[in-house]
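Here's the letter readout for the chains.
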Amino acid sequence: TRKVIIDCDPGVDDALALMLAHGSPELDVLAVTVCGGNQTLEKVTRNALSLADELGMDWIPVAAGAERPLVRDPLTAGHVHGDTGLGLVQLPEPRHPLDERHAVEVIAQTVLSNGPGEVTIIATGPLTNLALAIRQFPQLVEHTQEVVLMGGGVATGNLTPVAEFNIAVDPEAARAVFTAGWPVTMVGLDATHQALATPEIEARFAGLGTRLGDIAVELIRSYRDAYKHNQAFENPPCHDPVAVAQVIAPDLVPTRRAPVDVELHGELTTGQTVVDLRGPAPEDCPTAVATGLDHAGFWDLVVSAVENLGEP
Ligand code: BDR
Ligand code: CA
């Protein structure tokens, strides 16, 4: 099994990412850390704790981190994720305790208390926590196995024509993470816009007949409404679980090595991930970008993870 930390901002699709991670025998989720993004830090932290209850993440620390981006003003996405951050889904008040430590400490202590190269960080929100973590604990760069993040796109965006939400919310943090020198795999819109939840997929979750299967259905329905209104998608793209799938089954999310940087000062392009695909990547290039997705294989993985979680 691979040891992972999930740094997230739940978030409708972050919730699906947590289900995939915790329901997959290939992964051992060591900690969940939270960053303001889709909603305020307060709301996404509450969501993470409630999800920890629903998923039976009994001993897994859940810690809150950055309330706002490194230098810019906070930007949330209530028009996509709803007022609570979880769309139509209403979860009871959390019982899971909030870890007293800051997310940055939890990330550092978790990675550094394991052997070098043993812990992978999966990030599905703005990259503020990760940027703060490597600033405060530079040894994380050497000690972390890999960072796999949902964010960016090779030549496409969603918040703007060229900038994806997670990167655009905190582009300074994203640049710090992409250029730190540790291995980073960017799972961007090129892959995640293919993770479409069709009515057939929805029916498979409904067919599980479990509470979590029903929650997955509600999450997908919330996303379907939002994406019809905001981005003219017939079926909603479920971004964040694709980053988790890349760690579980790399064959489902093929990647290509390429240098990646982030535009910070563009008049029209701030927050764009600038991916150099002009030639073969240099030998020592530590970054890679996802190029596509095996749709059927991906959803098989998510459905079976939710099935594995059963009735917690
Ligand atoms: C990303 O932005 C957020 O709204 C989603 O949770 C996902 O992480 C997609 O651009
Ligand atoms: Ca997210």
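Residues numbered from 1 in each chain as written. Chains lettered and ligands numbered in written order. Predicted model: local features only at pLDDT ≥ 70, side-chain atom pairs only at ≥ 80, totals over all residues. Heavy atoms only, no water.

Enquirer: Could you give an account of the site of ligand 1, naming the residues involved and the relevant values?
Expert: Near ligand 1 there are 13 residues, and of these D13, N38, N158, E164 and D240 occur at the shortest range. At a separation of 2.8 Å, an oxygen atom of ligand 1 approaches a polar side-chain atom of H81. Side-chain polar atom of D240 to an oxygen atom of ligand 1: 2.6 Å apart, as the coordinates give it. The protein chains hide 97% of the 280 Å² of surface that ligand 1 would expose on its own. Put simply, ligand 1 lies in the largest pocket. Counting only elements with at least two residues in the shell around ligand 1, the list comes to α1 (12–22) and α7 (165–169). Classifying every residue of the shell around ligand 1 gives 3 nonpolar, 6 polar and 4 charged. (Near = heavy atom within 4 Å. Polar contact = N/O pair within 3.5 Å; in protein donor to acceptor, adjacent residues only side chain to side chain. Areas by Shrake-Rupley, 256 points an atom, 1.4 Å probe, with all protein chains shown as cover. 1 Å grid on protein atoms, 1.4 Å probe; cavity = no way out; pocket = protein on both sides within 12 Å on 5 of 7 lines; lining within 4 Å. Sits in = over half its atoms within 2 Å of the grid points. Helix = DSSP H or I, 4+ residues; strand = E, 2+ residues; numbered from the N terminus. Nonpolar A, V, L, I, M, F, W, Y, C, P; charged D, E, K, R; others polar.)

Enquirer: Before we move on, can you summarise the coordination of the calcium ion (ligand 2) with the specific residues and values?
Expert: Here the calcium ion (ligand 2) is held by D9 (OD), D14 (OD), D14 (OD), T124 (O) and D240 (OD), and the distances to it run 2.2 to 2.5 Å. Counting gaps between the donor residues of the calcium ion (ligand 2) yields the pattern D-x4-D-x109-T-x115-D. Here the residue T124 occupies a position in the loop between β4 (119–123) and α5 (128–136), and D240 occupies one in helix α12 (residues 240–248), the gap between them amounting to 116 residues. The exposure class of D240 is buried, given its relative accessible area of 2%. (Donors = N, O, S within 2.8 Å, 3.2 Å for Na, K, Ca; no water. Buried < 20%, exposed > 50% of the residue type's maximum accessible area, 1.4 Å probe, protein only.)

Enquirer: Summarise the sheet that holds β4; cite the residues concerned and give the values.
Expert: Read from one edge of the open sheet, 8 strands run β3-β2-β1-β4-β5-β6-β10-β7, paired in mixed fashion. Two strands in the sheet have a free side with no partner beyond their single neighbour: β3 (62–64) and β7 (255–257). For this sheet, the mean angle separating the axes of adjacent strands, direction not counted, is 20 degrees. Docked against the sheet, helix α2 (residues 41–55) engages β2 (27–34) and β3, running at close to 180 degrees with respect to β3. (Pairing = 2+ DSSP bridges. Axes fitted to C-alpha atoms, helices over the stretch in contact; angles between N-to-C directions. Contact = heavy atoms within 4.5 Å.)

Enquirer: Kindly report on α2, identifying the contributing residues and their values.
Expert: Its 15 residues place the ends of α2 21 Å apart at the C-alpha level, agreeing with the 21 Å of an ideal helix rising 1.5 Å per residue. Across the 15 residues of α2, 12 count as buried, placing the element largely inside the fold. When α2 is considered as a whole, its buried residues turn out to be L41, V44, T45, N47, A48, L49, S50, L51, A52, D53, E54 and L55. Against the buried residues of α2 lie α1, β2, β3, α11 (211–231) and α13 (295–309). Where α2 terminates, the next one or two residues include G56, which has phi positive at roughly 70 degrees. (Expected span 1.5 Å × (residues − 1).)

Enquirer: Mind laying out unusual backbone geometry, listing which residues take part and the relevant values?
Expert: When glycine is set aside, most residues are seen to have a negative phi, and most peptide bonds are trans. Of note, the bond from P10 into G11 is cis; its omega dihedral lies within 30 degrees of zero at -5 degrees. Turning to its location among the elements, G11 is positioned in the loop between β1 (2–8) and α1.

Enquirer: Give me the packing of helix α4 (residues 103–112) against α5: which residues, what numbers.
Expert: For the pair α4 and α5, interaxial distance at closest approach is 9 Å and the crossing angle is 60 degrees. As far as their axial angle goes, α5 and α4 are oblique. Where α4 crosses over α5, the handedness of that crossing is right-handed. The segment α4 lies against α5, with A103, V104 and I107 engaging N129, L130, L132, A133 and Q136. (Parallel < 35°, antiparallel > 145°, perpendicular 65-115°, else oblique. Left-handed = near helix turned anticlockwise from the far one by under 90°.)

Enquirer: How would you summarise the packing of α1 against α13 if you had to cite specific residues and measurements?
Expert: Packing of α1 against α13 brings their axes to within 8 Å, and their N-to-C directions diverge by 70 degrees. Accordingly, the angle class assigned to the pair α1 and α13 is roughly perpendicular. Contact residues: M19, L20 and H22 in α1; L301, V302, A305, V306 and L309 in α13. Considered class by class, the residues forming the contact of α1 with α13 number 7 nonpolar, 1 polar and no charged.

Enquirer: So, the pattern of salt bridges: which residues are in play, and what are the values?
Expert: Tallying each qualifying case throughout the model produces 13 salt bridges. Sharing partners across several salt bridges, the network here consists of E202, R221 and R224. (Salt bridge = Lys/Arg side-chain N within 4 Å of Asp/Glu carboxyl O.)

Enquirer: Please give an account of the confidence of the model for the protein that cites residues and values.
Expert: With 100% of its residues at a pLDDT of 70 or more, the protein has an overall mean of 97. Quick note on the complex model: pTM equals 0.98, ipTM equals 0.99. (pLDDT = per-residue confidence, 0-100.)

Enquirer: Can you break down the environment of E200 residue by residue, with the values?
Expert: On the secondary structure map, E200 appears in helix α10 (residues 199–208). The spatial distance from the C-alpha of E200 to the C-alpha of V147 is 32 Å, given a sequence separation of 53 residues.

Enquirer: Any chance you could break down the nonpolar core for me, citing the residues and the numbers?
Expert: By size, the foremost hydrophobic cluster in this structure holds 70 residues, and its most contacted members are M19, V32, F205, L219 and V253. In terms of residue count, the dominant contributor to this core is α11 (9 residues). Residues within four places of M19 in sequence aside, it is in contact with L55, L212, I215, A216, L219, A305, V306 and L309. (Core = buried A, V, L, I, M, F, W, Y, C linked by side-chain atoms within 4.5 Å.)

Enquirer: Describe the layout of surface pockets, naming the residues involved and giving the relevant values.
Expert: Taken as a whole, the largest pocket encloses approximately 240 Å³ of empty space. Taken together, 21 residues line the largest pocket, and the ones lying closest to its centre are V80, H81, N158, F165 and Y227. Of all elements in the fold, only α1, α3 (78–81), α7 and α11 reach the threshold of two or more residues within the lining of the largest pocket. With 4 residues, the single largest contributor to the lining of the largest pocket is α11. Here the lining of the largest pocket is built from residues that sort into 7 nonpolar, 9 polar and 5 charged. (Points joined across faces, edges and corners; volume = space filled by probe spheres on them.)

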